[in-house]
Amino acid sequence: MTRLPDLRISRALLTLCVAGALLAGCAPTADGTPGIASSPLDDPAMKEIAMELVSSAENSSLDWRAQYAYIEDIGDGRGYTAGIIGFCSGTGDMLELVQAYTATEPDNPLASFLPALEAVNGTDSHDGLDPGFMDAWQLAAEDPVFQAAQDTERDTVYFDPAVAQAKRDGLQALGQFAYYDAAVMHGFDGMLSIRDAAMAVAPIPADGGDETAYLAAFLDAREVEMNKEEAHSDTTRVSTGQRVFLAAGNLTLTPPLNWQVYGDSYEIPELPAP
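On a predicted model such as this, the values are computed, not experimentally measured, just so you know.

Q: Can you walk me through the overall build of the protein chain in this structure?
A: In terms of helices and strands, the protein chain carries 10 helices and 7 strands. Of all 274 residues assigned to the protein chain, the portion counted as buried reaches 47%. In the protein chain, once contacts between residues fewer than 6 apart in sequence are set aside, the share between residues at least 24 apart is 56%.

Now the structure itself:
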C-alpha cells in the first residue's frame, strides 16, 4: 500500500539530485541511483592538485612549475634526477624526453648529450654528461618547448596510464593519485606490482571490494616497496600524506587538504585554478 508514494518520493529525490548535482554534491551512479559527486584526477583543477602534491614530495614545494630547471644526483642509483617529476638519466625517461625535445627542436642545449644519455641509461654513471649537462638542462628549461616536452612525457608515461588504470579499478581521485604517485617513483610497471600485492590482500572496488580497505592495502604495499631502497625509505609522502586523506575519508581529494612530507607542512585550502 505504501509502495507507490515511496516510489514517487524516490523518483523526486533522484530528479533533484541529478538536476542539482553541483549544488547538492550528488550525481547518478552507473545504475542510475544517487551517489557522491567526484571529479576525476584528470579534471584540470584536480590535476593541478596532483601536481602540487607530487611536487611537495619531489621538490619540497607546491610550485611545480618552478621545477622544470631542477636537476641533481640524489644518490638513489638512478643518475641525474631532473625536471617536474624527477626524470632520471638511469631509467630511460630522461632519454625519451630529450629525444622528443630534439625531434621538435634539433638545435637545443641538450641535443649534444644524447649519445651520453643513451650510454648511461640503466646506470648511475655521469660519463659523457659531466661537465656541462646540468648547465645545459637549466638553460633548456627556459624554453617553453622543453617545458611542454616535460609535460607530455609526464602525462604519456606516468599520469595518463596511472589514472586510467585507477579508473578501471573503480577508484576515486585519492586512489587515482596514489597510483600516479607510485608510478612517478617506481615506474608504471612498478606501480602495477604494488597493485598486485594490494589485490592479494583486498579486492579492488571494480570487483566489489571496499575502496578504503583496498587503498589501505595499496599504501601498505607501497611503503614496503619504498623501504627496499635507502634513498626512498622516508615514506612520509604516504604515511603523513596520502594516509591522512584516507583516514579522513577524503576519497575525492576535496580541499582543504593538509599534509606533511619530510616533516614540512603543506596546505591546499581550496580547489586551485588549473
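This is not the end of the story, as more comes after the structure.
Q: What's the story with the pairing of strand S6 (residues 257-261) in this structure? I'm lost.
A: The two faces of the sheet receive side chains in turn, since in a regular strand these alternate between them. In S6, alternate side chains face the same way, and those of Leu257, Trp259 and Val261 are buried while those of Asn258 and Gln260 on the opposite face are not. Direction of pairing for S6 relative to strand S7 (residues 264-268): antiparallel, over a ladder of 5 bridges. Counted as the bridge partner of Asn258 is Glu267 from S7. As consecutive antiparallel partners, S6 and S7 are separated by 2 residues, and within that stretch Tyr262 has a phi angle of approximately 55°, a positive value.

Q: Explain the sheet that holds strand S5 (residues 87-88) here, please?
A: Strands belonging to one sheet form pairs held by backbone hydrogen bonds; the direction of such a pair is parallel or antiparallel. In spatial order, the strands read S3-S4-S5; together these 3 strands make up an open sheet with antiparallel pairing. Only two strands of the sheet have a single partner each, and these edge strands are strand S3 (71-72) and S5. Pairing analysis gives 2 bridges linking strand S4 (residues 81-82) to S5, with the strands arranged antiparallel. What sits directly across from Thr81, in S5, is Cys88.

Q: Looking at this structure, I do not really get a negative patch on the surface. What am I missing?
A: Where like charges cluster on the molecular surface, the negative patch consists of Glu72, Asp73, Asp124, Asp127 and Asp130. Position of Asp127 relative to the elements: it lies in the loop between helix H5 (114-120) and helix H6 (133-140). Residue Asp127 is classed as exposed on the basis of its relative accessible area of 58%.

Q: Explanation requested: the packing of aromatic side chains in the structure shown.
A: The description of an aromatic ring pair uses the distance of the two centres, along with the angle that the planes make with each other. Evaluation of the coordinates by the stated rule reveals 12 aromatic pairs. With centroids separated by 5.8 Å and ring planes inclined at 35°, the aromatic side chains of Tyr80 and Phe133 adopt a geometry described as tilted. Of this pair, Tyr80 sits in the loop between S3 and S4 while Phe133 sits in helix H6, and the two are 53 residues apart along the sequence. Judged by relative accessible area, which is 3%, Tyr80 ranks as buried. Taken together, a centroid distance of 6.1 Å and an interplanar angle of 70° make the contact between Phe245 and Trp259 edge-to-face. Here Phe245 is found in helix H10 (residues 236-247), whereas its partner Trp259 is found in strand S6, with 14 residues between them in sequence. In terms of burial, Phe245 and Trp259 fall into one category: buried.

Q: Can you help me understand the side chain of Gln67 in this one?
A: Checked against the element boundaries, Gln67 lands in the loop between helix H3 (44-58) and S3. Ignoring anything within four residues of it in the chain, the contact list for Gln67 reads Ser55, Asn59, Ser61, Gly83 and Ile84.

Q: Got a minute to help me understand the environment of Pro274 in this structure?
A: Residue placement: Pro274 occurs in the segment after S7. For the pair Pro274 and Met46, spaced 228 residues apart in the sequence, the C-alpha separation amounts to 7.9 Å. Excluding residues within four positions of it along the chain, Pro274 makes contact with Pro44, Ala45, Glu48 and Arg65.

Q: How should the pattern of salt bridges be read in this particular structure?
A: Proximity of charged atoms lets side chains of opposite charge pair with each other. This structure, assessed with the given rule, holds 14 salt bridges. Between Glu229 and Arg78 there is a salt bridge, with the nearest N and O atoms lying 2.8 Å from each other. Of this pair, Glu229 sits in the loop between helix H9 (211-226) and H10 while Arg78 is found in the loop between S3 and S4, placing the two residues 151 residues apart along the sequence. In this structure, Asp155 engages Arg154 in a salt bridge whose closest nitrogen and oxygen atoms are separated by 2.9 Å. Look at Arg154 and you get buried, because its relative accessible area is 4%. Through salt bridges that share partners, Lys47, Asp151, Arg154 and Asp155 make up one connected network.

Q: Where do I start with helix H4 (residues 93-104) in this structure?
A: Count 3.6 residues to each turn of an α-helix, and residues three or four apart come out pointing the same way. Taking 1.5 Å per residue, 12 residues should reach 16 Å; H4 reaches 17 Å between its end C-alpha atoms and fits that length. Turning to H4, its buried residues are Asp93, Met94, Leu95, Leu97, Val98, Tyr101 and Thr102. Of the surrounding elements, those touching the buried residues of H4 are S4, S5, H5, H6 and helix H7 (144-168).

Rules used throughout
- Residues numbered from 1 in each chain as written.
- Predicted model: local features only at pLDDT ≥ 70, side-chain atom pairs only at ≥ 80, totals over all residues.
- Heavy atoms only, no water.
- Helix = DSSP H or I, 4+ residues; strand = E, 2+ residues; numbered from the N terminus.
- Buried < 20%, exposed > 50% of the residue type's maximum accessible area, 1.4 Å probe, protein only.
- Contact = heavy atoms within 4.5 Å.
- Pairing = 2+ DSSP bridges.
- Patch = residues over 30% accessible without salt bridge, like charges linked within 9 Å, V, L, I, M, F, W, Y side chains within 5 Å.
- Areas by Shrake-Rupley, 256 points an atom, 1.4 Å probe, with all protein chains shown as cover.
- Salt bridge = Lys/Arg side-chain N within 4 Å of Asp/Glu carboxyl O.
- Lys, Arg positive; Asp, Glu negative; His and termini not counted.
- Charge placed at Lys NZ, Arg CZ, Asp CG, Glu CD.
- Phe/Tyr/Trp six-rings, centres within 6.5 Å; stacked < 30°, edge-to-face > 60°.
- Expected span 1.5 Å × (residues − 1).

Shape is all these values report; function is a separate question.
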